[in-house]
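Coordinate analysis (summary)
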Amino acid sequence: EASGVVLGKSADKLFSLSGLFAVYKPKGPTSAGVLNLLKERLLAEAGVQTNGNKKSQVLKIGHGGTLDSAAAGVLVVGIGKGTKMLSTMLRGSKKYTAIGLLGKATDTLDATGKVTEEKPYDQITKGDLENVLQKFIGDIMQVPPLYSALKKDGERLSTLMKRGEAVEAKPARPVKVYSLSLQQFQPPLFTLDVECGGGFYVRSLVSDIGKELSTCATMQELTRTKQGPFTLEEHALYEDKWTIDEIARSLEHCTSLLSGEPSHKKLKTEHPGETAGSCE
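Throughout this description, residue numbers start from 1 for each chain and increase along the sequence as written. For a predicted model such as this one, the threshold for reporting local features is a pLDDT of at least 70, and the threshold for listing and counting side-chain atom pairs is 80 or more; totals across whole chains, interfaces and linings nevertheless cover every residue. As a rule here, side-chain values cover all heavy atoms of the structure and leave hydrogens and water aside.

**With respect to the overall build of the chain**
Heads up, the rule is: Strands are runs of DSSP state E lasting at least 2 residues, helices are runs of H or I lasting at least 4, and numbering of each runs from the N terminus. Only protein chains enter the accessibility calculation, which uses a 1.4 Å probe. A residue is then buried if its area is under 20% of the maximum for its type, exposed if over 50%, and partly exposed in between. A contact between two residues is defined here by any heavy atoms of the two lying within 4.5 Å. The Shrake-Rupley method, run with a 1.4 Å probe sphere, supplies the accessible areas, and residue values consider only the shown protein chains as cover.
What the chain contains, in helices and strands, is 10 helices and 14 strands. Split into buried and exposed, the 280 residues of the chain put 45% on the buried side. Here the contacts in the chain between residues at least 6 apart in sequence split such that 72% fall between residues at least 24 apart. Carbon together with sulfur atoms contributes 52% to the accessible area of the chain, which is approximately 14400 Å² in total.

The following block contains the structure:
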């Protein structure tokens, strides 16, 4: 291909990138939006023309698990052959810090939705909240939110909801909570740290905690602090670092992370059994 010669070194380097790395997703954009921006940046730096989007299809890039628009934190990205490794990220464990608000429920279960219910919460103590958390540790059943990226007939439930179509709740499904702790309690706000398995919705957890306390609750803020071996503090590249060289450096560093994964997985499988046992 003659075009390869014209494109030069940075494009060659971009198209040879392969593996997994992590970026920081801010509040606001969708996960897909962040990915598109990243892709645009890289193609622009490499001097690849994206007219008619022909060339941009060549850059294989994907993410390992949607973060809601209103959420921030670690978004694992696969590039090149790394895109094939993303499914393991979806199944792996994740850590979140969430701020819940007592006394209000919304249709989306988070701050972006319409308030559907308000209830008193003054009677709830820190002890009440800590006791209730014990019920949500281990292997639990969870009904996913109606507003979600889950699909019905190939369309996202959130898309159907926004169009005003009637959407039936999905049945409860088994999910795993490895750990759950209360970090702060300043009524009506409470802050949780949660480590969970794949397919888990923190919004549903916050809502369910509200119900258990005989009030209601909605999620105000959500930050994903860890996904698989990638942590927010150590590995997430902020927008100013979305360059070919920075990503190449990150990919090298992350390859060693991933090869160390199996031992972590073994620990994980023993771990949930214990927590599940201790909370029954």
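That covers the picture; the talk isn't over yet.
**A word on the pattern of salt bridges**
Under the convention used in this document: What makes a salt bridge here is a side-chain nitrogen of Lys or Arg within 4 Å of a carboxyl oxygen of Asp or Glu, nothing more.
Across all of its chains, the model carries 11 salt bridges by this definition. One salt bridge in this structure joins lysine 27 and glutamate 221, with 4.0 Å as the shortest N-O distance. With lysine 27 in the loop between strand 1 (19-25) and helix 3 (31-45) and glutamate 221 in strand 12 (residues 217-227), this residue pair connects regions lying 194 residues apart in the sequence. Judged by its relative accessible area of 37%, glutamate 221 falls in the partly exposed class. Taking the shortest distance from any N to any O, the salt bridge between glutamate 117 and lysine 119 comes out at 3.6 Å. The class of lysine 119 is partly exposed, set by a relative accessible area of 36%. Put simply, Glu155, Arg163 and Glu165 are held in one network by salt bridges that share partners.

**Section: the nonpolar core**
Rule in force here: The definition of a nonpolar core used throughout is a set of buried Ala, Val, Leu, Ile, Met, Phe, Trp, Tyr and Cys residues joined through side-chain atoms within 4.5 Å.
Grouped together as the largest cluster of nonpolar side chains are 30 residues, with contacts concentrated most on Leu180, Phe190, Leu192, Val194, Phe200, Val202 and Ile209. Mapped onto this core, the elements with two or more residues apiece are strand 4 (94-102), helix 5 (126-133), strand 10 (173-186), strand 11 (189-196), helix 7 (202-212) and strand 12. The dominant element in this core, judged by the number of residues it contributes, is strand 10, at five residues. Ignoring sequence-local partners within four residues, the contact set of leucine 192 consists of Tyr96, Thr97, Ala98, Leu133, Leu180, Ser181, Leu182, Gln183, Leu205, Val206 and Ile209. Ranked by size, the runner-up nonpolar core spans 23 residues in total, among them Leu14, Phe21, Leu42 and Val77.

**Observations regarding helix 7**
With eight of 11 residues buried, helix 7 is to be regarded as a mostly interior element. Val202, Arg203, Ser204, Leu205, Val206, Ser207, Ile209 and Gly210 are the residues of helix 7 that are buried. Next to the buried residues of helix 7 lie strand 4, helix 5, strand 7 (138-142), strand 10, strand 11 and strand 12. Downstream of helix 7 by one or two residues, serine 214 has phi in the positive range, about 60°.

**Remarks on the pairing of strand 1**
Note the following rule: Two strands qualify as a pair provided that DSSP identifies no fewer than 2 bridges between them.
Taken across its seven residues, strand 1 has six buried, putting it largely inside the fold. Relative to strand 3 (residues 72-79), strand 1 runs antiparallel, the two sharing seven bridges. Within the sheet, the bridge partner assigned to valine 23 lies in strand 3 and is leucine 75. In the sheet, strand 1 pairs with strand 14 (residues 236-237) via two bridges, with the strands oriented parallel. Across the sheet, valine 23 pairs through a bridge with leucine 237, a residue of strand 14.

**A word on the side chain of threonine 218**
The condition that has to hold: Polar contact is the term for a pair of N or O atoms within 3.5 Å; when the atoms are in protein, one must be able to donate a hydrogen and the other to accept it, and sequence-neighboring residues count only if both atoms are side-chain atoms.
Within the fold, threonine 218 resides in strand 12. For threonine 218, a relative accessible area of 2% corresponds to the buried category. A polar contact is formed between the side chain of threonine 218 and the backbone nitrogen of aspartate 110, at a distance of 3.3 Å. Apart from the residues lying within four places of it in its own chain, the contact partners of threonine 218 are Ile99, Gly100, Leu101, Lys104, Ala105, Thr106, Leu109, Asp110, Ala111 and Val206.

**Some points on unusual backbone geometry**
Working note: non-glycine residues mostly have negative phi, and peptide bonds are mostly trans. Across the junction of proline 187 and proline 188, the peptide omega takes the value 5°, indicating a cis bond. Despite not being glycine, leucine 109 shows a phi value in the positive range, around 70°. Within the secondary structure layout, leucine 109 lies in the loop between strand 5 (104-106) and strand 6 (115-118). Note on leucine 109: relative accessible area 17%, which makes it buried.

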